[in-house]
Structures are given as structure tokens and as C-alpha cells.
Number of protein chains: 2
Amino acid sequence: MQKLFEHINKYTSIDTAAFEEIISFFTIKSVSKKENIYTAESKALHHYFVLNGCIHLYFINDRGAEQTLQFAIENWWITDYLAFQNNRSSEFCIQAVEKSEILQITYQDQEELLRRFPQMETYFRKVYQTAYGAAMMRIKYIFSYSKEDIYFEFKDAFPNFVNNVPQYLVATYLGLSPEYVSKLRRKSIS
Amino acid sequence: MQKLFEHINKYTSIDTAAFEEIISFFTIKSVSKKENIYTAESKALHHYFVLNGCIHLYFINDRGAEQTLQFAIENWWITDYLAFQNNRSSEFCIQAVEKSEILQITYQDQEELLRRFPQMETYFRKVYQTAYGAAMMRIKYIFSYSKEDIYFEFKDAFPNFVNNVPQYLVATYLGLSPEYVSKLRRKSIS
């Protein structure tokens, strides 16, 4: 849980005593590969922080395939934010891509956490500001480039991002199928 | 400026005395249709709040056409968030779509505002949370539907949004050209 402590202190300032209280609002969960973390039928939607591993939010597209809408690796937050802030269930599924450890918090607990620790408002304001900025940039790439060009253009522009994330997740993030990106990469090597 | 006061009080609570100080961090600007608000060459990037009218953030695509990446009508915030939070210039342009009145604040002033008025952390946290959630939903529609279907699917799902915004902006928001949406709408009426 040290990872959350360090991540919060990258954006704002809390001491270990405050963190002990803050962490009590969360539950820790170990999930195995392909385990469902949230489905509309069975679970309450939480806000999730990845300690290690990787989880994704997806829906089933009209071809019956899983379409990843967003993913989260170490130190990333993820949920369906419109559903979460309205405290209702989501149409999406959230599932572990690989064996992962996550922290989760309910809507009510997050609201209470923010009331008790105003520094957490600063923390989430900065987390969301970055996430929103990145989403806008992602849309820029989707609108700007053809299926053939988007992967390499994105890789050139954000090498640190692309090189630290599994390539099939970069593919889905850009609206490509993992198979298509494998083909592109083979073609670029040859 | 009453509009910003009311908008802040939708999300958090500030009194008129605090608002008088808050508003002193902003400058008000009247812009005419097609007037540049921000360009990389000439202006400092601000965070913009629309009091009335409509402004958009765009880039020139490889066919030489303006591609709107985001727009803002009354009570919406807009900027290039990745550039803004890193306090650097943006590759995008921000321009008035029609005659508008806007409030603008620099990065340094917004940082100071947030230090002085922690309620504004809550306000922006909620503004960004909603904006990020909406961006994720927008990407869902872009990934899910063909060019033929996306406009009507989106209109069915978010009628209040679509009916309160000029239709050519909805078109660009979904990655379609305004001409294409006009054609679709004529076809659906006939």
C-alpha cells in the first residue's frame, strides 16, 4: 500500500499518520488473471487503484468481441466515472488482465474521505486533470491518423508510455485489434 | 460573472465575499466570431470558462481542414490540459465559434487560487471528473459505431446534450464532418 502513499505525495502532501486513516477507507483485493472485478449483475461499482498487475474496463462490441475502453497498470486509477459519480451501476465490465493487487473504495467512502482529508481533493483533481488531458490527446490521435499510421505515430509521440505497457493494450487503447498491431509490427521489422 | 458563481455553487459552496476575491483572479474577454483566443505563436495558454457563446479547440488535419477536438458552450471549461498543467504552449488553436464572452485564468493564477480557496479544489475535481467520464463515453461511441450510425446512436443516448448544442459541433465531436451529418439528417427526414 506504500505505492498509494507515494503516489499521493507526488501530487500533494500527507504524512504517515494521515495515510493510516486514509487507507482504512479502502479494501485490498487480490485478483487472478481474467477474474471479474465488476459486472453489472453482481457487484457494486468502486473506484480502483492498481498496486500491481493490470486491469481493464471493457464492453462487448457488436461483433461479440471484448473492446477495451480503458486500462490501468501500477499507480493508475480506473472506473466508469459517470456511473461512479452518479452512484449507479455501470454498463461496462472491469476485469483483471493479469494477476493483480488492487485497492478499491465505494462512492460513499470516497465522498467521506474527501470531506475528512481535503488534500485528497487536490490529489484527485490532479489525477483527473491528467487523465482528461490524456483522453483528449487520445481522441486527437484517433481523429488524425488512419488505422495504418496511428500506432507508430502514437509510439513516436509517447515512447515512455508505449514502451511501459503491453502492446495489445496500446492496440485496444487506439481502437485497433491486437492482431492488427502484431501484423503492423512484423511488417515494420521486415 | 454571476454564471461562474452559480456554477461553482452547484458543486461546492462559496459565499459572495469569497467569490469577489475568486473572480479577481480572472480576466473577462469579449471575442467576436472566428477571433483567435489562443495560438501557439502569439498568446499565453489560459484555462477558459464560457459565460456565453461558444469556443472550440482545434487543429489542422492532414487534409488542411480544421478538426475540432473539443468545444465549450455556456458554463463549460476548456483548454489543452496537458499543456496547461505543464505550463507550456499548446500545439492546438482555440478560437471563438461565435461572438462570446469568456473568463480566462493563467496557470500560475489558478495554482494560487487553489491554494487560497480549497473549495475550488473540490469544484475543479468535480468538473474534471465529469469531463473525463464524458470523454471515456465519447471514445466508447467512436469505437462502437460506424460513421453511418454514430450520430443517431449518440443522439438517442444523450438527447439533452445533442439538442442543446449546434449540430455541426456534435458532428466534429464524433469525428464526422458537418457536411456528412447534414446529409445523414436529410436522409433520416426523407
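What counts, and at which threshold
Residues numbered from 1 in each chain as written. Chains lettered and ligands numbered in written order. Predicted model: local features only at pLDDT ≥ 70, side-chain atom pairs only at ≥ 80, totals over all residues. Heavy atoms only, no water. Pairing = 2+ DSSP bridges. Helix = DSSP H or I, 4+ residues; strand = E, 2+ residues; numbered from the N terminus. Axes fitted to C-alpha atoms, helices over the stretch in contact; angles between N-to-C directions. Contact = heavy atoms within 4.5 Å. Core = buried A, V, L, I, M, F, W, Y, C linked by side-chain atoms within 4.5 Å. Buried < 20%, exposed > 50% of the residue type's maximum accessible area, 1.4 Å probe, protein only. Polar contact = N/O pair within 3.5 Å; in protein donor to acceptor, adjacent residues only side chain to side chain. Least-squares fit on C-alpha atoms with pLDDT ≥ 70 in both. Buried area = accessible area lost by both parts, 1.4 Å probe. Salt bridge = Lys/Arg side-chain N within 4 Å of Asp/Glu carboxyl O.

- Looking at an unreviewed UniProt entry, one finds chain A named Cyclic nucleotide-binding protein, with Salegentibacter salinarum as its source organism.

A few points about the sheet that holds strand β5 (residues 66–73) of chain A
So, step 1. Pairing in this open sheet of 4 strands is antiparallel, and the strands run β2-β7-β4-β5 (chain A) from one edge to the other. This sheet does not close on itself; its edge strands, each paired only once, are β2 (36–38) and β5 of chain A. Direction aside, neighbouring strands of the sheet carry axes that sit 30° apart on average.
So, step 2. Contacts between helix α5 (residues 119–144) of chain B and the sheet are confined to β4 (54–60) and β5 of chain A, with β5(A) contributing the most and set at about 145° to the helix.

With respect to the nonpolar core
So, step 1. Ranked by size, the top nonpolar core spans 140 residues in total, and within it Leu4(A), Phe26(A), Ile55(A), Leu4(B), Phe26(B) and Ile55(B) carry the most contacts.
So, step 2. When neighbours within four sequence positions are excluded, Phe26(A) is seen to be in contact with Leu4(A), Trp77(A), Leu103(A), Gln104(A), Ile105(A) and Leu113(A).

Things to note about the environment of Thr172(B)
So, step 1. Mapped onto the elements, Thr172(B) comes out in helix α8 (residues 167–173).
So, step 2. Sequence separation between Thr172(B) and Tyr58(B) is 114 residues, and the spatial gap between their C-alpha atoms is 9.9 Å.
So, step 3. In this view, Thr172(B) contacts Phe143(A), Gln67(B), Thr68(B), Arg138(B) and Pro178(B); residues no more than four positions away in its chain are not counted.
So, step 4. For Thr172(B), the side chain forms a polar contact with the main-chain oxygen of Leu169(B), separated by 3.0 Å.

Topic: the relation of the copies chain A and chain B
So, step 1. It takes a turn of 180° to lay chain A on chain B, together with a shift of 0.0 Å along the axis; the resulting RMSD is 0.0 Å. The superposition operator between the copies reduces to a two-fold rotation axis. If distances are taken from each C-alpha of chain A to the rotation axis, the shortest is found for Arg125(A), at 2.1 Å.
So, step 2. Both copies present the same face, since 100% of the interface residues in chain A are matched by interface residues at the equivalent positions in chain B.

Things to note about the interface of chain A and chain B
It is common to give the size of an interface as the accessible area that goes away when the parts come together.
So, step 1. Contacts between the two partners involve 42 residues from chain A and, on the opposite side, 42 residues from chain B.
So, step 2. Buried surface at the junction of chain A and chain B, summed over both partners, amounts to about 3,900 Å²; 69% is from carbon and sulfur atoms.
So, step 3. On the chain A side of the interface with chain B, the three residues burying the most area are Arg125(A), Tyr132(A) and Phe143(A), jointly 20% of the side's total.
So, step 4. Its salt-bridge partner being Glu91(A), residue Lys140(B) comes within 3.1 Å of it at the nearest N-O pair.
So, step 5. Among the elements of the structure, β4, β5, α3 (81–85), α4 (107–116), α5 (119–144) and α8 (167–173) of chain A are those that each provide at least two residues to the side of chain A that touches chain B.
So, step 6. The element that contributes the greatest number of residues to the side of chain A that touches chain B is α5(A), accounting for 21 residues.

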